[in-house]
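Examining the three-dimensional arrangement
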Amino acid sequence: MQYSLPSFLIVSSLLFCLGMYTVLTRRNAIGILMGIELVLNGAGLNFVAFSRFLEPSQTTNLLSGQIFTLFIIAVAAAEVAVALAIVLSLYSRMKSIDVEDFKNLRG
Amino acid sequence: MTDLIFNVFILLTIIPCFWVALSSNIVHAAFSLLITLFGIAGLYVLLGADFIGVIQVIVYIGGILVLIIFGVMMTQRGKLLPLSIQLPGKLFGAVLTGVILAALLLSATRTLWPVAAVLGEPQLTSAAIGDLLLGKYLIPFEIASVLLLAALIGAVLIARRSVRGE
Amino acid sequence: LLMAVVFFGLAMSARPNPRRDYFAALFMAGVGVVVALACVRLEGTLFFEAYRVDLFSQVFKVMLAMGFFLVVCLCTELNGIEERHHPEFYLFLTTCTLAMMMLVSSVELLTIYVALELSSYSLYILVPLRRGHGVDVEAGIKYLMVGACASAVMLFGLSYVFGVTHTTYLVEIIHVLPGVIGTPAAIVGLLLVLCGFFFKLAVFPFHFWAPDVYQGAANQVTAYIATASKVAAVAIIMRVVALSGGSSKYLVDMLVTLSIASMTLGNLVAIVQKDMKRLLAYSSISHAGYVLIGILSMSATGYASAIFYALAYLVMNLCCFLVVVKVSHDGSDLKIAQLAGLHRRAPLLAMALMLAVFGLAGIPPTIGFTGKFLVFAAAMEKGYVALVIIAMINATISLYYYILVVKAAYLMEPDEELPRLPVSIPTKVLTVALVTAMVVFGVAPSYLLEVARAAARMLM
């Protein structure tokens with residue numbers, strides 16, 4: 001594929017679909033997180049590709065696409081932090097839950 | 001020449017993706033995500049967005065991926081985390097993504113993009129991004145700072161609560 | 001903007017200093033409402049046109065501030081969450097309101113995205129904060145996973161919209177988009193963007209999270225999610241739908257099918273619900289369908305009716321949650337059966353519940369009826385007769401399970417004698433205020449309607 005906008009869009013669409021597929025079929029919570037990361041990266045790539053190839057209109061100069069990607073990375077970082085906090089707290093409770101089930105069974 | 005590099009980076013991005021989606025072993029998936037992110041960073045640099053490319057490497061791979069791998073390691077010993085909202089199996093997922101892929105590919109190729117006639121030589125962007133960030137995009141910058149603050153406090157709060165085993 | 005500063009201060013002050021009690025939060029929220037009301041008339045754009053303050057955004061800001069204030073009033077004895085976490089609880093409620101206020105008046109794609117993320121993340125953190133047992137964390141995970149995925153999909157849509165119009169300012173997009181709406185990329189982009197917002201409103205294909213999160217989260221948090229975040233979602237969907245200039249037939253058909261689906265599904269499933277909060281969750285899904293009717297008629301009256309309906313929905317739902325919070329004093333989930341004999345234990349609450357439930361069903365005297373009536377009138381005007389008929393049928397179906405609730409409160413006798421429910425004075429005042437608001441605006445909605453119509457015109 002030659003170095004042009006449509007090929008970039010194809011790559012980012014592939015990323016999007018693979019990410020969605022991961023989210024839909026993964027059993028593991030952290031696997032779903034990875035899927036979401038893929039989709040976010042696909043969107044980021046799209047933004048940068050658009051800002052590179054399309055000629056700038058008056059309000060947006062060359063870099064507005066890249067600003068968007070910068071924010072995407074920041075938001076993704078916050079997202080992973082919160083998601084892992086919840087996953088780990090569920091995971092630690094999950095072990096404690098097992099213990100409780102066991103207790104109820106006996107009780 | 002650029003086409004060759006371009007194709008190399010594309011392969012670098014897409015091939016590991018299949019492992020992330022399909023591989024049964026979660027650790028394999030995490031490391032293949034690493035390779036994909038490197039591929040994307042390369043694509044960014046190829047697109048003349050050098051600042052973003054570097055940021056991608058540092059923040060995304062250095063920070064987020066380390067966190068994900070840390071998470072994977074932590075939960076490795078126990079059984080799988082069951083999630084009760086699992087959509088009905090792989091077939092449904094495959095079909096849905098296939099449809100979306102077709103729609104996206106169609107739209108990507110079909111619409112005629114007003115491609116710029118002359119592609120400007122990519123110059124250093126970090127300075128320009130800096131003044132844009134504090135100039136035109138001040139509001140999102142502020143909100144993003146509050147977002148990171150809230151995420152920070154929230155993550156600590158939830159994690160600390162579970163460690164104490166309430 | 002003044003209000004954003006106030007809330008920023010509030011967020012800072014609510015930083016987790018130890019024993020910050022409830023009244024300070026209440027005072028701050030009160031200040032928020034006053035400030036919101038004060039600057040309703042404010043006009044103008046700020047921050048390089050990325051942040052537009054106009055009547056449309058101000059009306060929603062007032063509603064958001066009111067919602068926030070009322071929810072804070074609900075948390076008199078915040079028992080659903082340990083004492084240690086109260087300051088943080090208020091902090092996240094404040095950041096969420098701050099984000100939604102930004103969201104309502106932002107006219108630039110990036111600001112919209114970041115504000116939406118902030119409001120959703122503060123909610124993701126609030127949901128698992130509940131005391132003790134693990135069901136809340138599971139709800140938290142589910143909410144987070146579905147939410148993050150929806151926002152990622154929305155982002156991808158945004159990138160296509162950015163690609164087609166190559167500008168991040170909504171003002172320009174409105175000029176450019178109708179021209180290129182034909183291209184497949186524009187349609188795909190807009191569709192994906194709407195998916196993200198439909199998640200927030202819990203419309204049909206994206207409603208899976210609602211019942212579990214409503215049940216899993218603490219009562220006050222559920223009250224907040226049910227009311228305030230829905231209002232913000234309505235506001236932003238209106239901005240995006242107005243974006244497409246009502247030209248694309250394809251979009252309208254999609255909205256029609258979605259609203260029918262979410263109405264019928266919400267009502268049908270609600271019938272079998274036992275848990276009060278799950279019932280309220282499904283009723284909120286069906287109400288999302290009604291609001292969509294107002295939005296999809298894409299006319300000034302349509303938008304005005306949607307704004308009015310959002311306000312009506314806010315008031316009624318808050319009243320329901322007031323009762324839920326008061327009855328389940330230990331912050332646990334409330335089965336409908338537990339409502340039995342409410343009229344003897346707390347007559348005022350029972351009456352308020354009855355009125356709110358009638359409002360939700362759309363019985364004449366209340367605000368709910370006028371809301372539904374306006375929405376149907378707007379839809380009829382645009383000729384969606386079939387849609388209105390289906391909506392009517394749904395309203396009658398919803399009547400059935402609402403009556404079920406009232407029957408439980410009034411007719412059923414509790415198996416064992418429950419203690420007389422102590423209702424503190426401020427809650428009495430609050431309930432009376434909510435009840436009068438419901439009736440007054442039901443009977444004479446003209447003033448509110450005028451404000452809504454003016455706001456809607458601002459949008460076109």
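Residues numbered from 1 in each chain as written. Chains lettered and ligands numbered in written order. Predicted model: local features only at pLDDT ≥ 70, side-chain atom pairs only at ≥ 80, totals over all residues. Heavy atoms only, no water.

**A word on the overall build of chain B**
Convention followed: Only runs of H or I of at least four residues qualify as helices and only runs of E of at least two qualify as strands under DSSP, and these elements are numbered from the N terminus. Throughout this description, buried means an accessible area under 20% of the type-specific maximum (1.4 Å probe, protein chains only), exposed means over 50%, and partly exposed covers the range between. What makes two residues a contact is simply this: any of their non-hydrogen atoms within 4.5 Å. To be clear on the numbers: accessible area is Shrake-Rupley with a 1.4 Å probe, and residue cover counts the displayed protein chains and nothing else.
Of regular secondary structure, chain B possesses six helices and zero strands. When the helices and strands of chain B are read in sequence order from the N terminus, they spell out α-α-α-α-α-α. Across the 166 residues of chain B, 43% fall into the buried class. Pairs at least 24 residues apart make up 56% of the contacts formed inside chain B by residues separated by at least 6 positions. Total accessible area on chain B stands at roughly 8300 Å², and carbon and sulfur atoms take up 78% of it.

**Considering the domain arrangement of chain B**
Put simply, the rule reads: These domain boundaries are the output of an automatic or database domain assignment.
When its domains are assigned, chain B resolves into domain 1 (1-76) and domain 2 (126-166). Computed from C-alpha atoms alone, the centre-to-centre distance between domain 1 of chain B and domain 2 of chain B is 23 Å.

**Some details on the packing of aromatic side chains**
How we decide: Aromatic pairing here means that ring centres of Phe, Tyr or Trp (its six-membered ring) are within 6.5 Å. Orientation follows from the plane angle: under 30 degrees is stacked, over 60 is edge-to-face, and everything else is tilted.
What the rule picks out here adds up to seven aromatic pairs over all chains. Plain terms: the ring middles of Phe47 of chain A and Phe68 of chain A are 4.1 Å apart, the flat faces sit at 10° to each other, and that makes the pair stacked. On the criterion of sequence distance, the pair formed by Phe47 of chain A in helix H2 (residues 29-53) and Phe68 of chain A in helix H3 (residues 64-106) is long-range, its members being 21 residues apart. Taken as a pair, Phe47 of chain A and Phe68 of chain A share a single burial class, namely buried. The interplanar angle of 40° and the centroid separation of 5.6 Å between the aromatic rings of Tyr121 of chain C and Tyr124 of chain C together place this pair among those described as tilted. Here the residue Tyr121 of chain C and the residue Tyr124 of chain C both occupy positions in helix H5 (residues 109-126), the gap between them amounting to three residues, near one helical turn. Judged by its relative accessible area of 2%, Tyr124 of chain C falls in the buried class. An aromatic cluster is present here, built from Phe16 and Phe50 of chain A together with Phe156 and Tyr160 of chain C joined pairwise through their rings.

**Here we look at H2 of chain A**
This is how the line gets drawn: Multiplying 1.5 Å by the helix residue count minus one yields the expected span of that helix.
For H2 of chain A, built from 25 residues, the straight-helix expectation of 36 Å at 1.5 Å per residue is met to within 8% by its first-to-last C-alpha distance of 37 Å. Along H2 of chain A, 25 of the 25 residues are buried, which leaves the element largely enclosed by surrounding structure.

**A look at a nonpolar patch on the surface**
All names here are of chain B. Note the following rule: By definition, no residue in a patch forms a salt bridge, and every one has over 30% relative accessible area; like charges are joined within 9 Å, nonpolar side chains (Val, Leu, Ile, Met, Phe, Trp, Tyr) within 5 Å. By convention in these notes, a salt bridge is any Lys or Arg side-chain nitrogen within 4 Å of a carboxyl oxygen on Asp or Glu.
Residues Leu12, Ile35, Phe38, Val54, Val57, Ile58 and Val59 make up a contiguous nonpolar surface patch of roughly 530 Å² in combined accessible area. Here the nonpolar patch gets four residues from one element, more than from any other, and that element is helix H3 (residues 50-74). Examined against the element boundaries, Val59 turns out to sit in helix H3. Val59 gets classed as partly exposed once you look at its relative accessible area, which sits at 30%.

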